[in-house]
Amino acid sequence: MSSRRDFLQSSAAIAGSLALTSNLAQAGGKQRMAINKLTDNAGKYVLAPLPYAYDALEPVIDARTVELHYNFHHKPAVAAANKAEDALASARAKNDFSLVKHYEKELAFQLSSHILHTIYWTNLSPKEGIPVGRLLKALEQNFQSFDQFKSHIIAATVGVEGAGWGILGYLPSSGKLMILQCENHHKLTAWGIIPILVLDVWEHAYYLKYQNKRAEYINGLFSIINWDNVALRYESATT
Ligand code: MN3
């Protein structure tokens, strides 16, 4: 009996510590879920409303580009991510994994598109600003100065090969802010990184107004970054 009691006690202790760990993980996770509303209560991916009018980012990004971008690039990615998850559930139910490679690729691509676009819209705002406080300090610590950070992320984003994103992210396992060049929506990542600022350089994001002048678009984009949102994301990633 005593070994059973010991077993039950140690099991309870382990369960308790697991619950504590999972509570802590959930607290961070819930905070991040509140910032990025990717799903509804049933777990289906949903498109959050655009946080401003189509013309709010004029003149840097024209209204027509925002309208097309949101409705015909972001929105279909949400539907396709749901479709891929449904197809994988159906594959499990039927024990037929003949298309698993296709739908895993679809899920990685479309869900990454949904995640990055959701961040992108909130990363921008009509009001101009600059990073301050803890975020500014972290940018200076990781990139020597704000100006060096700005030159670095602009060069990285302009230089993305083909369609993709420039990304500033925080990697909890190293405690570092990093700049990544992301191809498509999901290639060239560092596992575990939490994106806090994303700059879309797919042509649909700028071609109507800027055509091949990607650098001009990126430089303009820098003037409409919502640094309060970036700071909120940094706080959430580091606490
Ligand atoms: Mn896009």
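Here, every reference points to the structure presented above.
Below is a summary of the structure that appears in this document.

The rules we used
- Residues numbered from 1 in each chain as written.
- Predicted model: local features only at pLDDT ≥ 70, side-chain atom pairs only at ≥ 80, totals over all residues.
- Heavy atoms only, no water.
- Pairing = 2+ DSSP bridges.
- Helix = DSSP H or I, 4+ residues; strand = E, 2+ residues; numbered from the N terminus.
- Axes fitted to C-alpha atoms, helices over the stretch in contact; angles between N-to-C directions.
- Donors = N, O, S within 2.8 Å, 3.2 Å for Na, K, Ca; no water.
- Buried < 20%, exposed > 50% of the residue type's maximum accessible area, 1.4 Å probe, protein only.
- Core = buried A, V, L, I, M, F, W, Y, C linked by side-chain atoms within 4.5 Å.
- Domains from an automatic or database assignment.
- Polar contact = N/O pair within 3.5 Å; in protein donor to acceptor, adjacent residues only side chain to side chain.
- Contact = heavy atoms within 4.5 Å.
- Expected span 1.5 Å × (residues − 1).
- Bend = angle between axes of the 7 residues up to and from the residue.

Here we look at the sheet that holds strand E2 (residues 176-183)
Phase 1 of the analysis: The strand order E2-E1-E3 describes an open sheet built from three strands, whose pairing is antiparallel. Since the sheet does not close on itself, it has two edges, and those belong to E2 and strand E3 (194-200), each with one partner. Across the sheet, the mean angle from the axis of one strand to that of its neighbour is 20°, orientation sign disregarded.
Phase 2 of the analysis: Summarising the sheet, strand E1 (residues 164-171) and E3 pair through six bridges and their orientation is antiparallel. Note that in E3 the partner of tyrosine 170 across the bridge is isoleucine 194.

Let's talk about the coordination of the manganese ion
Phase 1 of the analysis: Coordination of the manganese ion by the protein is provided by His69 (NE2), His117 (NE2), Asp200 (OD) and His204 (NE2), with metal-donor distances spanning 1.9 to 2.2 Å.
Phase 2 of the analysis: Sequence spacing of the donors to the manganese ion: H-x47-H-x82-D-x3-H. On the criterion of sequence distance, the pair formed by histidine 117 in helix H3 (residues 100-123) and histidine 204 in the loop between E3 and helix H6 (207-210) is long-range, its members being 87 residues apart. This pair shows no difference in class: histidine 117 is buried, exactly as histidine 204 is.

Considering the nonpolar core
Phase 1 of the analysis: Core analysis: the biggest nonpolar cluster contains 52 residues, and Ile61, Tyr120, Phe149, Leu168, Tyr217 and Trp227 have the highest contact counts within it.
Phase 2 of the analysis: For this core, the two domains that each supply at least three residues are domain 1 (4-23 + 44-52 + 61-123) and domain 2 (133-238).
Phase 3 of the analysis: Counting residues in each nonpolar core, the second largest holds nine residues, with Val78, Ala84, Leu107 and Leu111 among its members.

Observations regarding the side chain of asparagine 36
Phase 1 of the analysis: Relative to the assigned elements, asparagine 36 resides in the loop between helix H1 (2-35) and helix H2 (63-94).
Phase 2 of the analysis: Exposure remark for asparagine 36: the relative accessible area of 16% places this residue in the buried category.
Phase 3 of the analysis: A polar contact is formed between the side chain of asparagine 36 and the side chain of arginine 233, at a distance of 2.9 Å.
Phase 4 of the analysis: Leaving out residues up to four positions away in the same chain, asparagine 36 has contacts with Thr118, Ile119 and Arg233.

Some details on H2
Phase 1 of the analysis: With 32 residues, H2 should reach 46 Å at 1.5 Å per residue; the first-to-last C-alpha distance of 46 Å fits that figure.
Phase 2 of the analysis: The sharpest bend along H2 comes to roughly 30°, located at histidine 69.
Phase 3 of the analysis: Positive backbone phi, approximately 55°, marks asparagine 95, located one or two places after H2.

By themselves, these are just geometric observations and shouldn't be taken as functional.
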